[in-house]
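# Understanding the architecture of this molecule
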Amino acid sequence: MLGRLLHLYFRIVRGMTLGVRAAVLDGEGRVFLVRHTYTPGWHLPGGGVEVGETLEQALAKELREEGCIRLTGPVLLHGVFFNRAMSRRDHVAVFVVREFVAESVKQPDREIAEAGFFSLETLPEGTTPATRRRLDEIAAGERAPVVW
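Quick notes on the rules
Residues numbered from 1 in each chain as written. Predicted model: local features only at pLDDT ≥ 70, side-chain atom pairs only at ≥ 80, totals over all residues. Heavy atoms only, no water. Salt bridge = Lys/Arg side-chain N within 4 Å of Asp/Glu carboxyl O. Buried < 20%, exposed > 50% of the residue type's maximum accessible area, 1.4 Å probe, protein only. Helix = DSSP H or I, 4+ residues; strand = E, 2+ residues; numbered from the N terminus. Pairing = 2+ DSSP bridges. Contact = heavy atoms within 4.5 Å. Axes fitted to C-alpha atoms, helices over the stretch in contact; angles between N-to-C directions.

## With respect to the pattern of salt bridges
Considering all chains together, one arrives at eight salt bridges under this definition. The residue Asp26 makes a salt bridge to Arg30 at a minimum N-O spacing of 2.6 Å. With relative accessibility at 16%, the residue Asp26 sits in the buried group. Judged by its relative accessible area of 28%, Arg30 is partly exposed. Between Arg35 and Glu114 there is a salt bridge, with its nearest N and O atoms 2.7 Å apart. With a gap of 79 residues between them, Arg35 in strand β2 (residues 30-36) and Glu114 in strand β9 (residues 112-119) connect regions that are remote in the sequence.

## Comments concerning the sheet that holds strand β3 (residues 42-43)
Spatially, three strands are ordered β3-β2-β9 in an open sheet, and the strand pairing comes out antiparallel. Edge strands, defined here as strands with exactly one partner in the open sheet, are β3 and β9. Lying on the sheet, helix α2 (residues 55-67) is in contact with β2 and β9; it crosses β2 at an angle near 75°.

Pasting the structure below:
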């Protein structure tokens, strides 16, 4: 519900919404996922790109906020997706992150109920279908489709 209200707000103040998400992959074959307080399921961390902010700046900010993760090297763009399930104006850029430092364990807060690294083979129950699709594409080295 809150997600839809936020999109309604952004629809009024912006012609298009743009977000970023990160597939943060460690050397042990695990991915970092978050479970938000306001929407069900496990997701790739990320959020909206603010006015005057680059995609990579938004990505770095969201990883710090949602995972206590600091980028230490370049990120790779996996794809830009039209997220028509959310609205006719929503786009999401998904990046692959392999060079990072987890500076601390993310503690629950008002936005993030849980967060952690999970094996790609045993993702937590409730991992969203879109998150699973993005991870499968990345693991297989497949070209990303254009629709979320």
